[in-house]
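Structural description and commentary
The chain contents come next:
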Amino acid sequence: MVEVLDKVDVVTVGVGWTGGIVASELAKAGYNVVGLERGRHQKQEDFLQTKDELRFDSRYDLLQNLSKETLTFRNNPDMTALPMREYGAFHLGTGLGGAGVHWSGVTWRFLPYDFEIRSQTIDRYGEEKIPEDMTLQDWGITYDELEPYYDKFEKTAGISGEENPFGGPRSNPYPTPPMKDTAALRLFRDTTEEMGYQPFMAPSANLSEQYTNPDGQTINQCQFCSFCSRYGCDFGAKSDPINTVIPTAEETGNYELRTSANVTEIIHEDGEVTGVRYVDLNTGREYEQPAETVALTSYVLNNVRLLLQSGLGQPYDPEEETGVIGKNYCYQVEFSGRAFFDKQYNMHMGAGALGMAIDDFNGDNFDHSDLDFLHGGWISLRQGGRTPISSNPVPSGTPGFGREFKEQSIYNFYRMLSVGTQGASLPNRYNYLDLDPTYTDEFGNPLLRMTFDFHEQDRNLATFLAERIENILEEMGGQDISVNKELGNFDVEPYQSTHNTGGVIIGDDPETSAVNSYLQMWDHDNLFVIGASAFAHNGGYNPTGTVGALAYRATEGMIEFLDNGGGQLVTAKNKSKLT
Amino acid sequence: MSDKKEKQFSRRDFLKTTGAATGGIIGGSLIGGFIGSGWASNDNEIVGSSEDTSGGDNASSNDNFAEARMFFSRQEDFDVLVAATETIFPEDDNGPGAIALGVPFFIDRQLAGNWGSNARDYMQGPFAEGEDTQGYQSPLTRGEIFLQGIRRIIDESVERFDHAFVELGEDARVEIIAAFEAGEIEMQGVSSSRFFQLLKQATLEGAYCDPLYGGNKNMDGWKMKGYPGSVMSYYNVIDQEEFEEMDQVALKDHMNSH
Ligand SMILES: Cc1cc2nc3c(=O)[nH]c(=O)nc-3n(C[C@H](O)[C@H](O)[C@H](O)COP(=O)(O)OP(=O)(O)OC[C@H]3O[C@@H](n4cnc5c(N)ncnc54)[C@H](O)[C@@H]3O)c2cc1C
């Protein structure tokens, strides 16, 4: 028997960055919010023994337990998808705060070009510049419209940064000054400056100084201890949901958090969502939580899965090119090159978001007239903090084990530097998400199926960026430079980035998008689907700055929706096509 | 086939001639000297080392109750693991090798736990081989892969060199491990290169993990690499131009500090 609970104003499915932002804003506005999180409760004290590479980096202690739930993967519709049995190209978060607890903290704004990518590309290069299978779309919102929400997220998180010379206009500088630089970062800065580029410090959620945000939450000064990406911070110096938005929500008295609560279905009737069903993982009991509005904040992949599983929205069909749920799944073209130096750099010190960047080859910041791809990526030297198990750099030609390997890996531990990029990932008709016909999770529900590969666009972009990286490493004085210029096929095994995007995309036309610019479902007014699932493509940056901005805008929409007793917040283009 | 035979003969000659140089080709000697826990005699020749770096306190070796096997039921299998890890990460002028760092017992324990049984991986069928881009697709657990791999090392040694793996000189051991690395050895349900990658990864983990796990004994792995471990703050040195040497800190040092 499913126990039906008392109705609340808002329920969030998952409590990471997006679920936390919804909780804080709606609870502050006086609405009662319930947060359902499948993972454990966690707070800073849980991370006092965090400096443990084996546990967190090699064994992925904080990540989703794949024995209970994973996804299946194939490169194209002709292959049979198979489960991702172990990690993994991307690392899925679980527990209070989600992946926000163990993220690195690089917090970008996308470029104005990103939001109007289709029209600006056509304006500048003509429609034939867009390859046939590239389902490139404008976002139905401009950079200028989103700017106030970027500003808000940056203030919540206290981002430490320096203005991007290629970035869109800012209403305010970053709330805190840029992070300290290092010997390696200075080498990258001086070199790229000499090459005529415009280096600057990457925007960081590991803070340069102690900071109290507008909600009164304090984040400490980063100590550069290096235990950051994949670790929770023991010092409260990385902005995450558990030191910002979640305590803000709790302090209102309007927020109730339930952990070990795994949502299995969004319940709906006649175009209206009525609540969610979840399993209490401690007892196995099932509950129904009725709500005025539901915020689906369970990360990109489960946002798509829960919609499909609940029969909400029209599933995307790549053959017919109809439907929207699962469409425009994108990722990141992420890789790096490395070289060796005589000097020893303190590469074991660092912070997740510590890095020196150039944006000269991102977006449409450079002319693509004679290039066989669109967009680009930020290029950087990052200093996250090197750890000894995962980092054993050896010059090419060194055997993979034994005396020489040991000698070289020890000698070069501090002598290797790498320069990397996060290239944009543009949509392709055949890259999409749907439900797997064979494999199931612990409850017997179908796993999400990912169909994804790199295409011409991605390969050409990768080769171009690899050449820039090679030049920079050369100018830096590196020896034995190694940069892979061939992207190959997407491989689900080696870690690349947890920058999955799309599947429930934003737009101004219900025919081609699933949510409006408030992330409200076109065909279910009281369901808001929040996360990078809304990205119509992925830019050449880490996603969470844009995720945070979209989430803040969504909360404004939710408040308006609740205040006014419902309705669509945006008038759709092509409304006649809405059935 | 005659090719293979010729190769074998030459390998044996090679073994004889290089054995003297690396020390201790034959005689179960590789293991005895290193463990230092009193269960093996210490007076044998040691490959690649002339001293016992595990602390040298054989007299009080009974304190080391943790140095017993949890996962490997057969002594022979464990001995091969010991020799294989030392081959991957040998003692040298930089410092101790896998054995002295506690790697074999570290791996034994890891295989006995969640990691060895793939407790946090998706292990439901149906199983299919899949494409290279689809990642690991075998029903075998890491524990099962290790056992199978170790037994294949045992067979391969006898086949190539007519001797047990633990009796071989270093060059011969390297040759065998390299064949696994190259994927040349037939295994069931998994490639030998994947077994090698697991073995190498586990060896490096045992060499460089926090000493709480039984590896990186005495923080010697970190000392060798100049890695200071779990330092609370680099705030005052992060921006300096010169390299900073620091003393090692382990998680144990943080236990009472909060
Ligand atoms: C190692 C790592 C480094 C990263 N570094 C960066 C970076 O430097 N910069 C950047 O921009 N981004 C980074 N990211 C990405 C960033 O973490 C995510 O973009 C961000 O956390 C997304 O927020 P979210 O709320 O959408 O999802 P999450 O933070 O993942 O939260 C989703 C929550 O929903 C819960 N949930 C899922 N399904 C259910 C269900 N059925 N029922 C109940 N609860 C459910 C999950 O347990 C989780 O807690 C990184 C990610 C990782 C893993």
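Here we summarise the structure given alongside this text. (Residues numbered from 1 in each chain as written. Chains lettered and ligands numbered in written order. Predicted model: local features only at pLDDT ≥ 70, side-chain atom pairs only at ≥ 80, totals over all residues. Heavy atoms only, no water.)

1. What about the overall build of chain B?
Tallying secondary structure elements over chain B gives nine helices and zero strands in all. Sequence-ordered secondary structure for chain B, helices as α and strands as β, is α-α-α-α-α-α-α-α-α. Nonlocal contacts in chain B, meaning residues at least 24 apart in sequence, comprise 60% of its contacts between residues at least 6 apart. Taken as a whole, chain B presents about 11600 Å² of accessible surface, with 48% of it coming from carbon and sulfur. (Helix = DSSP H or I, 4+ residues; strand = E, 2+ residues; numbered from the N terminus. Contact = heavy atoms within 4.5 Å. Areas by Shrake-Rupley, 256 points an atom, 1.4 Å probe, with all protein chains shown as cover.)

2. Considering a negative patch on the surface
There is a patch of like negative charges on the surface, built from Glu-193, Glu-194, Glu-474 and Glu-475 of chain A. Of all the secondary structure elements, the ones that give two or more residues to the negative patch are α6 (183–194) and α10 (456–475) of chain A. (Patch = residues over 30% accessible without salt bridge, like charges linked within 9 Å, V, L, I, M, F, W, Y side chains within 5 Å. Salt bridge = Lys/Arg side-chain N within 4 Å of Asp/Glu carboxyl O. Lys, Arg positive; Asp, Glu negative; His and termini not counted. Charge placed at Lys NZ, Arg CZ, Asp CG, Glu CD.)

3. Here's the deal with the pattern of salt bridges
For the coordinates displayed, the defined rule picks out 47 salt bridges over all chains. The partner of Arg-258 of chain A in a salt bridge is Glu-256 of chain A, with the nearest N and O atoms 2.9 Å apart. Since its relative accessible area comes to 18%, Arg-258 of chain A is described here as buried. Note that Asp-92 of chain B is salt-bridged to Lys-406 of chain A, the shortest N-O span being 3.0 Å. A residue pair is termed interchain when its members come from two chains, as with Asp-92 of chain B in the loop between α3 (75–88) and α4 (98–101) and Lys-406 of chain A in helix α9 (residues 403–411). (Buried < 20%, exposed > 50% of the residue type's maximum accessible area, 1.4 Å probe, protein only.)

4. A few points about the interface of chain A and chain B
In many analyses, interface size is given as the accessible surface area lost on bringing the parts together. Listed by partner, the interface residues are 75 residues for chain A and 75 residues for chain B. Roughly 6200 Å² of surface becomes buried between chain A and chain B when both sides are summed, with 54% attributable to carbon and sulfur atoms. For the pair chain A and chain B, the interface holds nine salt bridges. Note that Glu-170 of chain B is salt-bridged to Arg-403 of chain A, the shortest N-O span being 2.8 Å. At the junction of chain A with chain B, the criterion picks out 43 residue pairs in polar contact (both at pLDDT 80 or more). Secondary-structure elements contributing two or more residues to the side of chain A that touches chain B are α2 (53–58), β4 (71–74), β5 (82–83), α6, α9 and β18 (432–440) of chain A. Of all the elements, α9 of chain A adds the most residues to the side of chain A that touches chain B, at six residues. (Buried area = accessible area lost by both parts, 1.4 Å probe. Polar contact = N/O pair within 3.5 Å; in protein donor to acceptor, adjacent residues only side chain to side chain.)

5. Description of the state of the cysteines
Cysteine pairs can be linked by a disulfide, which is a covalent bond between their two sulfur atoms. One pass over the structure, following the stated rule, counts zero disulfides over all chains. Here Cys-225 of chain A stays unpaired: no disulfide links it, and the sulfur of Cys-233 of chain A, its closest cysteine neighbor, is 6.3 Å away. The cysteine Cys-209 of chain B is free of any disulfide, with Cys-225 of chain A supplying the nearest cysteine sulfur at 18 Å. (Disulfide = S-S within 2.5 Å.)

6. Things to note about helix α8 (residues 192–208) of chain B
Each turn of an α-helix holds 3.6 residues, which means side chains three or four residues apart point in the same direction. Here α8 of chain B spans 24 Å end to end across 17 residues, near enough to the 24 Å set by a 1.5 Å rise per residue. Taken across its 17 residues, α8 of chain B has 13 buried, putting it largely inside the fold. (Expected span 1.5 Å × (residues − 1).)

7. Remarks on the site of the ligand
All names here are of chain A. Inspection of the region around the ligand gives 36 residues, with Thr-18, Glu-37, Val-106, Asn-302 and Thr-544 positioned closest. Within the side chain of Asn-302, one N or O atom sits 2.8 Å away from a nitrogen atom of the ligand. For the ligand, an oxygen atom lies 3.5 Å from a polar atom in the backbone of Pro-543. Look at the ligand: alone it shows 990 Å² of surface, and the protein chains cover 98% of it. Of all the secondary-structure elements, those providing two or more residues to the shell around the ligand are α1 (17–28), β10 (261–269) and α8 (299–309). Here the shell around the ligand is composed, by residue class, of 12 nonpolar, 21 polar and three charged. (Near = heavy atom within 4 Å. Nonpolar A, V, L, I, M, F, W, Y, C, P; charged D, E, K, R; others polar.)

8. A word on the packing of aromatic side chains
What describes a pair of aromatic rings is the distance from one ring centre to the other and the angle between the planes of the rings. On inspection of all chains with the given rule, the structure shows 48 aromatic pairs over all chains. Judged by centre distance (6.4 Å) and plane angle (70 degrees), the rings of Tyr-439 of chain A and Tyr-122 of chain B are edge-to-face. Of this pair, Tyr-439 of chain A sits in strand β18 while Tyr-122 of chain B sits in the loop between α5 (103–112) and α6 (142–161), each in a different chain. With relative accessibility at 4%, the residue Tyr-439 of chain A sits in the buried group. When the ring of Phe-78 of chain B is compared with that of Phe-105 of chain B, the centres are 4.9 Å apart and the planes differ by 40 degrees; the resulting orientation is tilted. (Phe/Tyr/Trp six-rings, centres within 6.5 Å; stacked < 30°, edge-to-face > 60°.)

9. Regarding the side chain of Glu-25 of chain A
Along the chain, Glu-25 of chain A turns up in helix α1. Ignoring any residue separated from it by four or fewer positions in sequence, one finds Glu-25 of chain A in contact with Lys-152, Tyr-552, Thr-555 and Ile-559 of chain A.

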